[in-house]
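Listed here are the chains, written in short residue letters.
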Amino acid sequence: MDSYLSTSIDLSKVNILIAVFFCLCWLVIAKPLRLYYQSSIRFSAANGFFALSLVLGAQQYAFADANLWVVADLTLLITLVMYNLALRHLLVLPSDPGVIRWLILGAASLAILHILGVVSANYTSLTLLLMALFMLITTAWMKYRALATAFNNGIGAILSISDMSLVLIVAIKSVMWMVDQREDVIAIPLSSKNSPTLMWVYILLIIFINVTAVGTTVSRLIIRMKHLAEHDQLTGLLNRRAFEVKLYDYFALYQRYNMPFSIVMLDIDHFKKINDRYGHASGDEAIVNTARIFKSSVRQTDIVARFGGEEFIILLPGQNATDALEVANKIGHAIRTTAWREDTPPLTVSAGCADVTMVNSQDKLLTLADDALYQAKRNGRDQCVIAAPVKPMAAQA
């Protein structure tokens, strides 16, 4: 196989150029584009350290110095640590600085002991290799679980193939070292004197790892943009556009499977007076506090959205208008009895309730709930009103 894949090009230098190329690409993503800055900087650093470890490893046959090998392996371990930290930040995973700190401290101490002649080259290289294997296994498993949770098991497995392959290769190298105890078996072969087949594998792995990292970054960006497009920036609730999409879906389910639902439209009473008296910052505080009470007063399956300004709307799957009235009264009581700011009177809300059985379109359902809301305001505010059902067209005729 090696004879077919052998080439006049020094494959170790190709690896170095690819690592430097991706190092610069991640810098472009981090600096001018400002996309996931912390993650991109760490991915760039990982590729930079990897290129350095390749350069150091390529010199091992020109300079038969065991210290150079140890430094190359230590640099490679730092590469894996930076890659792990980049993935943690990108995938919004909790960091584990204690383990990484002790790993780097242990590796650096071991390298110093080797340079001082206290520890042999074989023992140092094998220990660094096992540390690299531990970091690779940790990173690969972490990446798979995060991607499987964000997408599905299949995508998580596909995007983690390169990491798993690297784990397998380093595991095999560990076994070879423990069996042969040879000093020329290093953590990752970095010189063109190694098998061309293996060198091509490394080239493909470097490319695939970086490409999947870029793909993960782009997918996270798309998810983030989608979240921003669908959610209100102040409260974190769904916005009107996203709610109307949900309403359309539930109306389609009602038409096809007769699955009932109701909506409650709510409005903070005398909100303009709050802005005029306390300022717009306090008005925002009132809105955030109200949104938090709305969210905590309903079921997880219920959908709460900010419909606009001081107006909110709640969709209650499986509930009729009478059930919605009970929910609205519960929310009204919670708002009325919860102080949103010290030395200020409590807020109150007016609400209008309607269910899907009262109308024949989602637009009419919204209109019906809105009419009921304004009826509650005309009745004196701080109350809930059930909408009057729309008469069938035949009866109107």
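Refer to the structure printed above.
Residues numbered from 1 in each chain as written. Predicted model: local features only at pLDDT ≥ 70, side-chain atom pairs only at ≥ 80, totals over all residues. Heavy atoms only, no water.

S.K.: A description of the overall build of the protein should follow, citing residues and the corresponding values.
M.R.: Along the protein, the regular secondary structure elements total 15 helices and five strands. Across the 397 residues that make up the protein, the buried fraction comes to 47%. Taking the intrachain contacts of the protein between residues at least 6 apart in sequence as the baseline, contacts between residues at least 24 apart amount to 70%. Per element, the accessible surface of the protein, about 20,300 Å² overall, is 63% carbon and sulfur. (Helix = DSSP H or I, 4+ residues; strand = E, 2+ residues; numbered from the N terminus. Buried < 20%, exposed > 50% of the residue type's maximum accessible area, 1.4 Å probe, protein only. Contact = heavy atoms within 4.5 Å. Areas by Shrake-Rupley, 256 points an atom, 1.4 Å probe, with all protein chains shown as cover.)

S.K.: Describe in detail the nonpolar core, supporting the description with residues and values.
M.R.: Residues Phe43, Leu77 and Leu128 are the most contacted members of the largest nonpolar core, which totals 50 residues. Breaking this core down by element, the ones donating at least two residues are helix 2 (11–30), helix 3 (37–58), helix 4 (66–90), helix 5 (97–115), helix 6 (121–150), helix 8 (161–180) and helix 9 (196–230). It is helix 4 that provides the largest number of residues to this core, a total of 11 residues. If sequence neighbours within four positions are ignored, Leu128 has contacts with Val70, Asp73, Leu74, Leu77, Ala107 and Leu110. (Core = buried A, V, L, I, M, F, W, Y, C linked by side-chain atoms within 4.5 Å.)

S.K.: How would you sum up the state of the cysteines? Please name residues and give values.
M.R.: If you walk through the whole model with that rule in mind, you get zero disulfides. Cys23 takes part in no disulfide bond, and the closest cysteine sulfur to it belongs to Cys25, at a distance of 9.2 Å. In this structure Cys353 is not part of a disulfide, and its nearest cysteine sulfur, from Cys384, lies 5.7 Å away. (Disulfide = S-S within 2.5 Å.)

S.K.: Tell me about the sheet that holds strand 1 (residues 261–268), and name the residues and values.
M.R.: Hydrogen bonding along the main chain pairs the strands of a sheet, whether they run parallel or antiparallel. The strand order 2-3-1-4-5 describes an open sheet built from five strands, whose pairing is mixed. Where the open sheet ends on each side, the last strands, each with one partner, are strand 2 (303–308) and strand 5 (384–386). Adjacent strand axes in the sheet meet at a mean angle of 20°, parallel and antiparallel pairs treated alike. Sheet topology note: the strand 1/strand 3 (residues 311–317) ladder contains seven bridges and is antiparallel. (Pairing = 2+ DSSP bridges. Axes fitted to C-alpha atoms, helices over the stretch in contact; angles between N-to-C directions.)

S.K.: Tell me about the packing of helix 10 (residues 240–257) against helix 14 (residues 362–378), residues and numbers included.
M.R.: Between helix 10 and helix 14, whose axes approach to 10 Å, the crossing angle comes to 115°. Crossing of helix 10 against helix 14: the hand is right-handed. In this structure, helix 10 contributes Phe243, Glu244, Leu247, Tyr248 and Phe251 to the contact, and helix 14 contributes Gln362, Leu365 and Leu366. Partitioned by chemical class, the residues of the contact of helix 10 with helix 14 number six nonpolar, one polar and one charged. (Left-handed = near helix turned anticlockwise from the far one by under 90°. Nonpolar A, V, L, I, M, F, W, Y, C, P; charged D, E, K, R; others polar.)

S.K.: Describe in detail a nonpolar patch on the surface, supporting the description with residues and values.
M.R.: Taken together, the side chains of Ile112, Leu113, Leu116 and Val118 make up a nonpolar region of the molecular surface, amounting to roughly 400 Å² of accessible area. Relative to the helices and strands, Leu116 resides in the loop between helix 5 and helix 6. The exposed category is assigned to Leu116, whose relative accessible area is 63%. (Patch = residues over 30% accessible without salt bridge, like charges linked within 9 Å, V, L, I, M, F, W, Y side chains within 5 Å. Salt bridge = Lys/Arg side-chain N within 4 Å of Asp/Glu carboxyl O.)

S.K.: So what's going on with the pairing of strand 4 (residues 349–355)? Residues and values would help.
M.R.: Buried residues dominate strand 4, accounting for seven of its seven residues. The side-chain alternation of strand 4 yields two buried faces, one formed by Val349, Ala351, Cys353 and Asp355 and the other by Ser350, Gly352 and Ala354. Pairing of strand 1 with strand 4 involves seven bridges; the strand directions are antiparallel. Following the sheet pairing, Ser262 is matched in strand 4 by Asp355. Bridging between strand 4 and strand 5 involves three bridges; their strand directions are parallel.

S.K.: Residue-level account of the pairing of strand 2, with values.
M.R.: Side-chain direction in a regular strand flips from residue to residue, so the side chains alternate between the two faces of the sheet. Within strand 2, five of the six residues are buried, leaving the element largely enclosed by the surrounding structure. Where strand 2 and strand 3 come together, five bridges link them in antiparallel fashion. Following the sheet pairing, Arg306 is matched in strand 3 by Phe312.

S.K.: Hey, could you go over helix 11 (residues 271–278) for me, with residue numbers and the actual values?
M.R.: Listed in full, the buried residues belonging to helix 11 are Phe271, Ile274 and Asn275. Along the axis of helix 11, the buried positions cluster into a sector of 95°, meaning they face one direction only. The exposed set on the far side of helix 11, more than 90 degrees from its buried face, consists of Lys272, Lys273, Asp276 and Arg277. Those residues of helix 11 that are buried are in contact with strand 1 and helix 12 (280–296). Looking one or two residues past helix 11, Gly279 carries a phi angle of roughly 100°, positive in sign. (Arc of directions from axis to C-beta.)

S.K.: Summarise the packing of aromatic side chains; cite the residues concerned and give the values.
M.R.: For the structure shown, the criterion picks out nine aromatic pairs. Ring geometry for Phe294 versus Phe312: centroids 5.0 Å apart, planes at 80°, classification edge-to-face. Here Phe294, found in helix 12, pairs with Phe312, found in strand 3; they are 18 residues apart in sequence, far enough to count as distant. Phe294 gets classed as buried once you look at its relative accessible area, which sits at 0%. One cation-aromatic arrangement involves Arg34 over Tyr37; the distance from NZ or CZ to the ring centre is 4.5 Å. (Phe/Tyr/Trp six-rings, centres within 6.5 Å; stacked < 30°, edge-to-face > 60°. Lys NZ or Arg CZ within 6 Å of the ring centre and 35° of its normal.)

S.K.: Could you give an account of the side chain of Asn210, with specific residues and numbers?
M.R.: Relative to the assigned elements, Asn210 resides in helix 9. Relative accessible area serves as the criterion here: at 5%, Asn210 is assigned to the buried category. Residues contacting Asn210, with those up to four places away along its chain left out, are Phe22, Trp26 and Asn47.

S.K.: Help me get a handle on the packing of helix 2 against helix 9, residues and values and all.
M.R.: The N-to-C vectors of helix 2 and helix 9 enclose an angle of 10°; their axes lie 9 Å apart at closest approach. When the axis of helix 2 is compared with that of helix 9, the two are roughly parallel. Here Leu11, Ser12, Val14, Asn15, Ile18, Phe22 and Trp26 of helix 2 lie close against helix 9, whose contacting residues are Pro196, Met199, Trp200, Tyr202, Ile203, Ile206, Ile207, Asn210, Ala213, Val214 and Thr217. Its residues placed into classes, the contact of helix 2 with helix 9 shows 14 nonpolar, four polar and no charged. (Parallel < 35°, antiparallel > 145°, perpendicular 65-115°, else oblique.)

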